[in-house]
Amino acid sequence: DPFALRRAALGVIRLVLENNLSLGLTKTFEIASQAFAPDVAKNFDATALMAFLEDRLRVYLRDRGHRHDLVAAVFALKSEDNLLRLQSRAEALRGFLATGDGADLLKAHKRASNIVRIEEKRDGQEYLGPANVDGLTDEAERHLAERLEEAAHASGDAVARADFVQAMTELSSLLGPIGVFFEQVKVNADDAELRANRLRLLSQICGTLNQIADFSHIEG
């Protein structure tokens, strides 16, 4: 680190986190760059600088006891440039996965994502987008679709408020409907459209849970 860039980045991280400064750094960097000389400003890359800081934040969090896979899951979203929110996500995720609901929700995500991955590979296509509720025939799957929409809105509102613990509590309400779905519904139905719709429903489970972090990066 001949130019002490890593140490400088760590200093920025500590200033932000230890003083509870909630700010979007990409925009902050762009504003700061306006004070640069024109030949420097034109080559300034706020995205690259943010990536450098994120890399240092990963180390900072791991040094404070956060598991590497949980840190990776939070950073995989690529939608957050607020260091305080990133830390809060990681802390909330760690606490949540230490609970029975958290462990069960992780299992549900893995089961749903594995089924979708296998069938997408077999079919040579992706099953994205929300399921068509009108095309679902079983009460268990219709109820799951309704609960997914409700939980997505409720957890999304909580994420917007940076209340990641509440967001995960909202997602925990899906455990019952997901469990009933897996017990009562045959995903690979004989009817091709119904099968595709059920696979989209499984993708929707993963997408809803991934509002908090990318669960595919989490081990266990």
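See above for the structure.
Below you will find a few notes about this structure. (Residues numbered from 1 in each chain as written. Predicted model: local features only at pLDDT ≥ 70, side-chain atom pairs only at ≥ 80, totals over all residues. Heavy atoms only, no water.)

### Looking at the overall build of the chain
Step number 1: Along the backbone of the chain there are eleven helices and zero strands.
Step number 2: Put simply, the chain runs from its N terminus to its C terminus through helices and strands in the order α-α-α-α-α-α-α-α-α-α-α.
Step number 3: Structurally, the chain occupies a C-alpha span of about 65 × 35 × 30 Å along its principal axes.
Step number 4: The burial tally for the chain puts 42% of its 220 residues in the buried class. (Helix = DSSP H or I, 4+ residues; strand = E, 2+ residues; numbered from the N terminus. Buried < 20%, exposed > 50% of the residue type's maximum accessible area, 1.4 Å probe, protein only.)

### What to know about the pattern of salt bridges
Step number 1: One pass over the full model with this rule turns up eleven salt bridges.
Step number 2: Close ionic contact of Asp-123 with Arg-195 constitutes a salt bridge, the shortest N to O distance being 2.8 Å. With a gap of 72 residues between them, Asp-123 in helix 7 (residues 100-123) and Arg-195 in helix 11 (residues 192-209) connect regions that are remote in the sequence.
Step number 3: Ionic pairing is found between Arg-147 and Glu-150, a salt bridge with its closest N-O pair at 2.5 Å. Of this pair, Arg-147 and Glu-150 both sit in helix 8 (residues 139-160), three residues apart, roughly one helical turn.
Step number 4: In this structure Arg-147 comes out as buried when scored by relative accessible area, which is 17%. (Salt bridge = Lys/Arg side-chain N within 4 Å of Asp/Glu carboxyl O.)

### Considerations on helix 6 (residues 83-97)
Step number 1: The end-to-end C-alpha distance of helix 6, which contains 15 residues, comes to 21 Å, matching closely the 21 Å that a straight helix rising 1.5 Å per residue would cover.
Step number 2: Among the 15 residues in helix 6, eleven count as buried, and that is most of the element.
Step number 3: Those residues of helix 6 that sit buried are Leu-83, Leu-84, Arg-85, Leu-86, Gln-87, Arg-89, Ala-90, Ala-92, Leu-93, Phe-96 and Leu-97.
Step number 4: The N-capping residue of helix 6, defined by a side-chain oxygen 3.0 Å from the backbone nitrogen of Leu-84, is Asn-82. (Expected span 1.5 Å × (residues − 1). Polar contact = N/O pair within 3.5 Å; in protein donor to acceptor, adjacent residues only side chain to side chain.)

### Some words on the nonpolar core
Step number 1: Residues Leu-57, Leu-83, Leu-93 and Leu-202 are the most contacted members of the largest nonpolar core, which totals 62 residues.
Step number 2: If you tally residues by element for this core, the top one is helix 6, at eight residues.
Step number 3: For Leu-202, the residues in contact, after removing those within four places along its chain, are Ala-112, Ile-115, Val-116, Phe-181, Phe-182 and Val-187. (Core = buried A, V, L, I, M, F, W, Y, C linked by side-chain atoms within 4.5 Å. Contact = heavy atoms within 4.5 Å.)

### Observations regarding helix 9 (residues 164-172)
Step number 1: Inspection of helix 9 places Phe-164, Ala-167, Met-168, Leu-171 and Ser-172 among the buried residues, and these make up the whole buried set. Looking straight down helix 9, one finds its buried side chains confined to an arc of 145°; they lie on one side. (Arc of directions from axis to C-beta.)

### Quick notes on empty space enclosed by the protein
Empty space left among the atoms is revealed by rolling a probe the size of a water molecule over them.
Step number 1: Under the defined criterion, the tally for this structure stands at one cavity of 30 Å³ or more.
Step number 2: As a volume, the largest cavity reaches approximately 50 Å³.
Step number 3: Taken together, Glu-54, Val-74, Phe-75, Leu-77, Lys-78, Ser-79, Glu-80, Leu-86 and Arg-89 make up the lining of the largest cavity.
Step number 4: Taken together, the elements giving at least two residues each to the lining of the largest cavity come down to helix 5 (68-75) and helix 6.
Step number 5: Taken together, the residues that form the lining of the largest cavity break down as four nonpolar, one polar and four charged. (1 Å grid on protein atoms, 1.4 Å probe; cavity = no way out; pocket = protein on both sides within 12 Å on 5 of 7 lines; lining within 4 Å. Points joined across faces, edges and corners; volume = space filled by probe spheres on them. Nonpolar A, V, L, I, M, F, W, Y, C, P; charged D, E, K, R; others polar.)

### Observations regarding the environment of Ala-152
Step number 1: Position of Ala-152 among the secondary structure elements: in helix 8.
Step number 2: When its relative accessible area of 24% is taken as the criterion, Ala-152 is described as partly exposed.
Step number 3: Residue contacts for Ala-152: discarding those within four places in its chain leaves Thr-208 and Gln-211.

### Observations regarding the environment of Ile-212
Step number 1: The residue Ile-212 is located in the segment after helix 11 in this model.
Step number 2: Note on Ile-212: relative accessible area 0%, which makes it buried.
Step number 3: Between the C-alpha atoms of Ile-212 and Ser-173, which are 39 residues apart in sequence, the distance is 15 Å.
Step number 4: Aside from chain neighbours lying at most four places away, what touches Ile-212 is Leu-77, Arg-89, Val-159, Ala-167, Met-168 and Leu-171.

### Details of unusual backbone geometry
Step number 1: Phi at Asn-20 is positive, roughly 50°, even though this residue is not glycine.
Step number 2: With respect to the element layout, Asn-20 can be found in the loop between helix 1 (5-18) and helix 2 (25-33).
Step number 3: Owing to a relative accessible area of 56%, Asn-20 belongs among the exposed residues under this scheme.
Step number 4: Unusually for a residue other than glycine, Ala-162 sits at a positive phi of about 65°.
Step number 5: The topology assignment puts Ala-162 in the loop between helix 8 and helix 9.
Step number 6: For Ala-162, a relative accessible area of 33% puts it in the partly exposed group.

These figures capture arrangement, not role.
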